[in-house]
Amino acid sequence: MAKFAFEDYWNALDGAGPRFKEIILDRAAHDDGIDFPELKRLVDKAYLED
């Protein structure tokens, strides 16, 4: 069962600092409702600025 929707993680990344990004991505990585392509999109968004 998904804990959160992809959009929840996506929106949470907006304005998140480096540590919070890691927490969001870790939770998404362990969420059965998030598939690999979605996780990659989240990682790309989190590190777009880097």
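Just above, that's the structure.
Model, not experiment: these values are computed from the prediction.

**Comments concerning the overall build of the chain**
Looking only at helices and strands, one finds three helices and zero strands in the chain. Secondary structure elements in the chain, listed N-terminal to C-terminal, are α-α-α. With respect to the principal axes defined by its C-alpha atoms, the chain has extents near 30 × 15 × 15 Å. In the chain, which comprises 50 residues, the share counted as buried stands at 26%. Looking at the chain alone, contacts between residues at least 24 apart form 55% of all its contacts between residues at least 6 apart. Carbon and sulfur atoms provide 57% of the accessible area of the chain, an area that totals close to 3,700 Å². Of the charged side chains in the chain, 7 are positive and 12 negative, and the gap between their average positions amounts to 3 Å.

**What about the packing of aromatic side chains?**
Counted according to the given criterion, the structure contains two aromatic pairs. Consider the rings of Phe-6 and Trp-10, whose centres lie 5.6 Å apart with planes at 35 degrees: the pair is tilted. Of this pair, Phe-6 and Trp-10 both sit in helix α1 (residues 6–12), four residues apart, roughly one helical turn. Relative accessible area serves as the criterion here: at 10%, Phe-6 is assigned to the buried category.

**Some points on the nonpolar core**
By size, the foremost hydrophobic cluster in this structure holds 11 residues: Phe-6, Tyr-9, Leu-13, Ala-16, Ile-24, Leu-25, Ala-28, Ile-34, Leu-39, Leu-42 and Ala-46. Counting residues per element, the ones that place at least two in this core are α1, α2 (18–29) and α3 (36–46). Setting aside its immediate chain neighbours within four residues, Ala-28 contacts Tyr-9, Ile-34, Leu-39 and Leu-42.

Cut-offs used in this document
- Residues numbered from 1 in each chain as written.
- Predicted model: local features only at pLDDT ≥ 70, side-chain atom pairs only at ≥ 80, totals over all residues.
- Heavy atoms only, no water.
- Helix = DSSP H or I, 4+ residues; strand = E, 2+ residues; numbered from the N terminus.
- Buried < 20%, exposed > 50% of the residue type's maximum accessible area, 1.4 Å probe, protein only.
- Contact = heavy atoms within 4.5 Å.
- Areas by Shrake-Rupley, 256 points an atom, 1.4 Å probe, with all protein chains shown as cover.
- Lys, Arg positive; Asp, Glu negative; His and termini not counted.
- Charge placed at Lys NZ, Arg CZ, Asp CG, Glu CD.
- Phe/Tyr/Trp six-rings, centres within 6.5 Å; stacked < 30°, edge-to-face > 60°.
- Core = buried A, V, L, I, M, F, W, Y, C linked by side-chain atoms within 4.5 Å.

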